[in-house]
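Read off the chains here:
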Amino acid sequence: MQIQAVIMAGGKGTRLRAITNDEIPKPMAPVAGKPILEWQIECLRRQGIHEIILIIGHLGHKIREYFGDGTAFGVDISYIEETEPLGTAGALSMLPGRLRAPSFFLIFGDVLFDIDLERMWRFHEEKKAAATLFVHPNMHPFDSDLVVCDAEGRVQRFDSKHNVRDYWYQNCVNAGFYLMDQSICSRVPVGQKTDLEKDILSAMIAEGVPVYGYRSPEYIKDVGTVERICRAEQELTSGFIAGRNLNKPQRAIFLDRDGTINRKNGLVYQEEQFELEPCAVEAIRAINSSGYLAIVVTNQPVVARGLCQIEDVERIHRKMETLLGQEGVYLDEICYCPHHPDKGYPEENPEYKIPCHCRKPDIGMLEDCVSKYNIDLAASWVVGDTTVDIQTGKNAGTKTALVLTGDSGKDGKYTAQPDLIAKDLLEAIKEITKYNGERI
């Protein structure tokens, strides 16, 4: 992966004045004893990126004085200076002639991250993308700019936080970290203030240029406020940040949906039927802070039975994400199987009445997540309300927990015994995370 990184390091950091005292630029604000920018450079260097271009502006000489040519930090640093603020994209017009590879990473200087960069680069190459945005769920999607992607990850549009959202939405946020084809630089007018998302990427999407969202649970956060820096310091020192890098095996809690996260109101195929279990928010909050990934794996044969369409299932899932996001919690992934193997019903949808590898207790959905997120199944759990869920966990080699909501294990389809029985999802998650996954 011979590629350069460009870091936009010209921010003033008005919200960090209590730390910077207007004497250093925002990317030099200290986090656990090092400037944000130094944490970024270290992460890049560890993964083989040694050529870095810093775009500096306000108090940029402070950055030059600290980093020099990068030799002391094991990298090669060069500089581009904005004499006046050019927005989030204006300085890209100065990059032609400085870039050697077809693509480059573009990073904003107030973002703390620890990401498997080669995995993101492979996604970018496989999709033949002109631009790839790192996207992820966050704890406050209701006041965040959202990215709307299709099933393949191709960006359809941006959903501004200023929109009146009288609709359900996916918790998918632009993290301010990009892989971009260098030809994009020619789209930026020289010397003009330009917004990357509104002026450049939105135009590319409208033209049909391939722009993709790379969804990952890895750690990446804007640390542009004092409160966020304090939290990031705790997450750094605890090892939480480094542990989320997908070059390390991940632990996941695979959650059934109906009867586990939401009330089992018969076959749920209309959004009005979807109601969260009373404990679901606090249970998922506990997963979010535990180091485990929260991943839904659900059979949705309502599509094969002709009760609804794929779009209806996805609308229900957007409702789930919206309701959870409003309470400050999120799911790292949602997987569902729309198939059912039994044929012969007049209303069925024959396209989905097929045998498959994704329908639980088969483990196709879990295997897809293993490939996508480097999950260690032996260190993971399946939690659900049926013996189908328990058998799924046994088939995958995970530990299993049965919750006494929904079917309470009374479906009687399998004889598999769970490792843990709990009254509801919250009790199960508390028990699973109590001993950091080492209880059983």
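What counts and how
Residues numbered from 1 in each chain as written. Predicted model: local features only at pLDDT ≥ 70, side-chain atom pairs only at ≥ 80, totals over all residues. Heavy atoms only, no water. Core = buried A, V, L, I, M, F, W, Y, C linked by side-chain atoms within 4.5 Å. Buried < 20%, exposed > 50% of the residue type's maximum accessible area, 1.4 Å probe, protein only. Helix = DSSP H or I, 4+ residues; strand = E, 2+ residues; numbered from the N terminus. Pairing = 2+ DSSP bridges. Axes fitted to C-alpha atoms, helices over the stretch in contact; angles between N-to-C directions. Contact = heavy atoms within 4.5 Å. Phe/Tyr/Trp six-rings, centres within 6.5 Å; stacked < 30°, edge-to-face > 60°. Salt bridge = Lys/Arg side-chain N within 4 Å of Asp/Glu carboxyl O. Parallel < 35°, antiparallel > 145°, perpendicular 65-115°, else oblique. Left-handed = near helix turned anticlockwise from the far one by under 90°.

Participant: Break down the nonpolar core for me, citing the residues and quoting the values.
Facilitator: Counting residues in hydrophobic clusters, the biggest one holds 87 residues, and the most contacted among them are Phe-105, Phe-177, Leu-196 and Phe-254. Ranked by size, the runner-up nonpolar core spans 32 residues in total, among them Ile-261, Val-281, Tyr-292 and Val-383.

Participant: Describe in detail the environment of Ala-396, supporting the description with residues and values.
Facilitator: As for its placement among the helices and strands, Ala-396 is situated in helix H11 (residues 387-396). When the C-alpha positions of Ala-396 and Ala-379 are compared, they lie 11 Å apart, and in sequence the two are 17 residues distant.

Participant: Can you explain the sheet that holds strand S16 (residues 333-337)? Please cite residues and give values.
Facilitator: The sheet built from 6 strands is open, its strands ordered S16-S15-S14-S17-S18-S19 with parallel pairing. Across the chains shown, the open sheet's two edge strands, defined by having one partner strand only, are S16 and strand S19 (420-422). With strand direction ignored, the average angle separating the axes of adjacent strands in the sheet is 20°. Relative to strand S15 (residues 293-299), strand S14 (residues 252-255) runs parallel, the two being bridged by 4 bridges. Across the sheet, residue Ala-252 finds its bridge partner in S15, namely Leu-293. Packing against the sheet, helix H12 (residues 425-434) makes contact with S14, strand S17 (381-384), strand S18 (399-403) and S19, and its axis sits at approximately 140° to S19.

Participant: Which residues make up the packing of aromatic side chains, and what values go with them?
Facilitator: Counted by the stated rule, this structure contains 11 aromatic pairs. Ring geometry for Phe-113 against Phe-177: centres 4.9 Å apart, planes inclined by 70°, an arrangement best described as edge-to-face. Of this pair, Phe-113 sits in strand S7 (residues 111-114) while Phe-177 is found in strand S11 (residues 173-181), placing the two residues 64 residues apart along the sequence. Here Phe-113 falls in the buried class, since its relative accessible area comes to 4%. Under the relative-accessibility criterion, Phe-177 is labelled buried at 0%. Grouped by ring-pair contacts, the aromatic residues Phe-105, Phe-113, Phe-123, Phe-134, Phe-177, Tyr-212 and Tyr-214 constitute a single cluster.

Participant: So what's going on with the pattern of salt bridges? Which residues, and what values?
Facilitator: Counted according to the given criterion, the structure contains 22 salt bridges. The partner of Asp-116 in a salt bridge is Arg-119, with the nearest N and O atoms 3.6 Å apart. Residue class for Asp-116 comes out buried when judged on its relative accessible area of 10%. A salt bridge links Lys-372 to Glu-333; its shortest N-O distance comes to 2.8 Å. Separated by 39 residues along the polypeptide, Lys-372 in helix H10 (residues 364-373) and Glu-333 in strand S16 bring together distant segments of the chain. On the basis of relative accessible area, Glu-333 is assigned to the buried category, the value being 11%. When salt bridges with common partners are traced through the structure, they connect Lys-221, Arg-231 and Glu-235 into a single cluster.

Participant: Describe the side chain of Arg-244, naming the residues involved and giving the relevant values.
Facilitator: On the secondary structure map, Arg-244 appears in the loop between helix H7 (240-243) and S14. What makes Arg-244 buried here is its relative accessible area of 4%. What Arg-244 contacts, discounting residues up to four positions off in sequence, is Pro-217, Glu-218, Tyr-219, Gln-250, Asn-288, Gly-291, Tyr-292, Leu-293 and Asp-332.

Participant: Can you lay out the packing of helix H2 (residues 36-46) against helix H3 (residues 60-67) for me, pointing to particular residues and giving the numbers?
Facilitator: The contact between H2 and H3 brings their axes to 12 Å, and the two run at 50°. It follows from the interaxial angle that H2 and H3 lie oblique. Judged by the twist between their axes, the crossing of H2 over H3 is right-handed. Mapping the contact onto sequence places Leu-37, Glu-38 and Ile-41 in H2 and Ile-63, Tyr-66 and Phe-67 in H3.

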